[in-house]
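Given next are the chains, with one letter for each unit.
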Amino acid sequence: GENVEQHPSTLSVQEGDSAVIKCTYSDSASNYFPWYKQELGKRPQLIIDIRSNVGEKKDQRIAVTLNKTAKHFSLHITETQPEDSAVYFCAASGLTGGGNKLTFGTGTQLKVEL
Amino acid sequence: EPEVTQTPSHQVTQMGQEVILRCVPISNHLYFYWYRQILGQKVEFLVSFYNNEISEKSEIFDDQFSVERPDGSNFTLKIRSTKLEDSAMYFCASSESGRGQPQHFGDGTRLSIL
């Protein structure tokens, strides 16, 4: 089945700097890649997603890139703010299994310091 | 904005007892999911449900677990003969349609097995 690896596990940046989180996936049939933000004790919140027919997608300060050949995708946050501090999870979903399950990465604890 | 709602927010149960976790998916969504997150770990897929039947389940989702849509709005997860290792946050999610569609998560039920 699908396996998603995520790096780094923790990331500290200064306010205003950029943050990059990287994920790799194993199943070449995967075609949908969402990113979730999870604040402590809260639900995973979808912040951006990308499908395999697109190489890059941007929404204000957040962007995601996808390299299908290398089977990796990345989350880019620019001009980071303290409220960006949270755990970020990447996920992948593919054509196998029939149920549209999401396979999550292990998460990145992002800390934006003043 | 419509949300997935889950009850209860916290459930404390003695080992060996049965628990039922309840979810109300977003009203026009057709696909429903249960995920589990053990404290400090990644989100893990349990089961997906469409058209009143399970469409996919993980290895975690064994005979101890069952799901049901008892009426037009609720979606439940039943865990029988609970074990200490069932302690986790259980998230319900729903999506409007199948593959490649955003899954929206509820706030979760924290299950504590004593």
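Conventions adopted
- One numbering rule holds for all chains: residues counted from 1, following each sequence as written.
- Naming scheme: in the order in which they are written, chains are lettered from A and ligands are numbered from 1.
- Per-residue local features are limited, in this predicted model, to residues with pLDDT of at least 70; the limit for side-chain atom pairs, both in listing and counting, is 80 or more; totals at the level of whole chains, interfaces and linings are taken over all residues.
- Excluded from the side-chain calculations are hydrogens and water; all other atoms, namely the structure's heavy atoms, are used.
- Only one rule defines a salt bridge in this text: a Lys or Arg side-chain nitrogen within 4 Å of an Asp or Glu carboxyl oxygen.
- Only DSSP runs of H or I reaching four residues or more are called helices, and only runs of E reaching two or more are called strands; each is numbered from the N terminus.
- For the exposure calls, accessible area comes from a 1.4 Å probe over protein chains only, and a residue counts as buried if that area is under 20% of its type's maximum, exposed if over 50%, partly exposed in between.
- Pairing between two strands requires that DSSP report at least two bridges joining them.
- Note on contacts: a residue pair is in contact if any heavy atoms of the two residues lie within 4.5 Å.
- Counting of polar contacts relies on pairs of N or O atoms within 3.5 Å, with two restrictions inside protein: one atom must be capable of donating a hydrogen and the other of accepting it, and residues adjacent in sequence are counted only when both atoms are side-chain atoms.
- Centre distance within 6.5 Å is the pairing criterion for rings of Phe, Tyr and Trp, where only the six-membered ring of Trp is used; planes under 30 degrees apart are then read as stacked, over 60 as edge-to-face, and the remainder as tilted.
- The axes are straight lines fitted to the C-alpha atoms, using for helices just the contacting stretch, and the angles between their N-to-C directions are given from 0 to 180°.

*Asks:* Could you give an account of the pattern of salt bridges, with specific residues and numbers?
*Replies:* Taken as a whole and assessed by the stated rule, the structure comprises 7 salt bridges over all chains. Linking E39 of chain A and K37 of chain A is a salt bridge whose minimum nitrogen-to-oxygen distance equals 3.7 Å. One salt bridge connects R43 of chain A with E3 of chain B, and the closest N-O pair in it is separated by 3.5 Å. Of this pair, R43 of chain A sits in the loop between β4 (32-38) and β5 (45-51) while E3 of chain B sits in the segment before β1 (5-7), each in a different chain. Looking at R43 of chain A, the relative accessible area reads 16%, which means it is buried. Residues joined in a network through salt bridges with shared partners are R43 of chain A together with E3 and D107 of chain B.

*Asks:* Quick rundown of the pairing of strand β7 (residues 65-68) of chain B? Include the residues and the values.
*Replies:* Residues and elements named next belong to chain B. Because side chains alternate across β7, one face comprises the buried residues F65 and V67, and the other comprises S66 and E68, none of which is buried. Pairing between β7 and strand β8 (residues 75-79): 4 bridges, direction antiparallel. Looking across to β8, one finds that S66 is bridged to K78.

*Asks:* So what's going on with the interface of chain A and chain B? Residues and values would help.
*Replies:* Taken together, the contact between chain A and chain B spans 22 residues of the former and 24 residues of the latter. Counting the contacts that link chain A with chain B gives 2 salt bridges. At the boundary of chain A with chain B, the tally comes to 9 residue pairs in polar contact (both at pLDDT 80 or more). For the side of chain A that touches chain B, the elements supplying multiple residues, two or more each, are β4 and β5 of chain A.

*Asks:* Tell me about the packing of aromatic side chains, and please be specific about residues and values.
*Replies:* Residue and element names in this part refer to chain A. A full pass over the atoms with the stated rule returns 18 aromatic pairs over all chains. Relative to F104, the ring of Y36 lies with its centre 5.7 Å away and its plane at 50 degrees, an arrangement referred to as tilted. Of the two residues, Y36 is situated in strand β4 and F104 in strand β10 (residues 103-104); the sequence distance between them amounts to 68 residues. With respect to class, Y36 is no different from F104; both count as buried.

*Asks:* Describe the pairing of strand β11 (residues 108-113) of chain A, with residues and values.
*Replies:* The side chains of a regular strand alternate, residue by residue, between the two faces of the sheet. All names here are of chain A. Of the two faces of β11, only the one carrying T108, L110 and V112 is buried; Q109, K111 and E113 on the other face are not. By the bridge criterion, 3 bridges tie strand β9 (residues 86-92) to β11 in an arrangement that is antiparallel. If you follow V87 over to β11, its bridge partner there is Q109.

*Asks:* Describe the sheet that holds strand β6 (residues 56-59) of chain A, listing the residues and the values that go with them.
*Replies:* Residue and element names in this part refer to chain A. The strand order β1-β3-β8-β7-β6 describes an open sheet built from 5 strands, whose pairing is antiparallel. With one partner strand each, in any of the chains shown, β1 (4-7) and β6 form the two edges of the open sheet. Direction aside, the axes of adjacent strands within the sheet are offset by 15 degrees on average. Two elements, strand β7 (residues 62-67) and strand β8 (residues 72-77), share 6 bridges in a ladder whose sense is antiparallel. Bridging from a neighbouring strand, L66 pairs with F73 of β8.

*Asks:* So, the sheet that holds β8 of chain B: which residues are in play, and what are the values?
*Replies:* Residue and element names in this part refer to chain B. Taken together, 4 strands build an open sheet; the order of strands is β1-β3-β8-β7 and the sheet is antiparallel. Bordering the open sheet on either side are β1 and β7, each of which pairs with just one other strand. The sheet shows a mean angle of 20 degrees between the axes of neighbouring strands, direction not considered. When β1 meets strand β3 (residues 19-24), the two strands line up antiparallel, connected through 3 bridges. Across the sheet, T5 pairs through a bridge with V24, a residue of β3.

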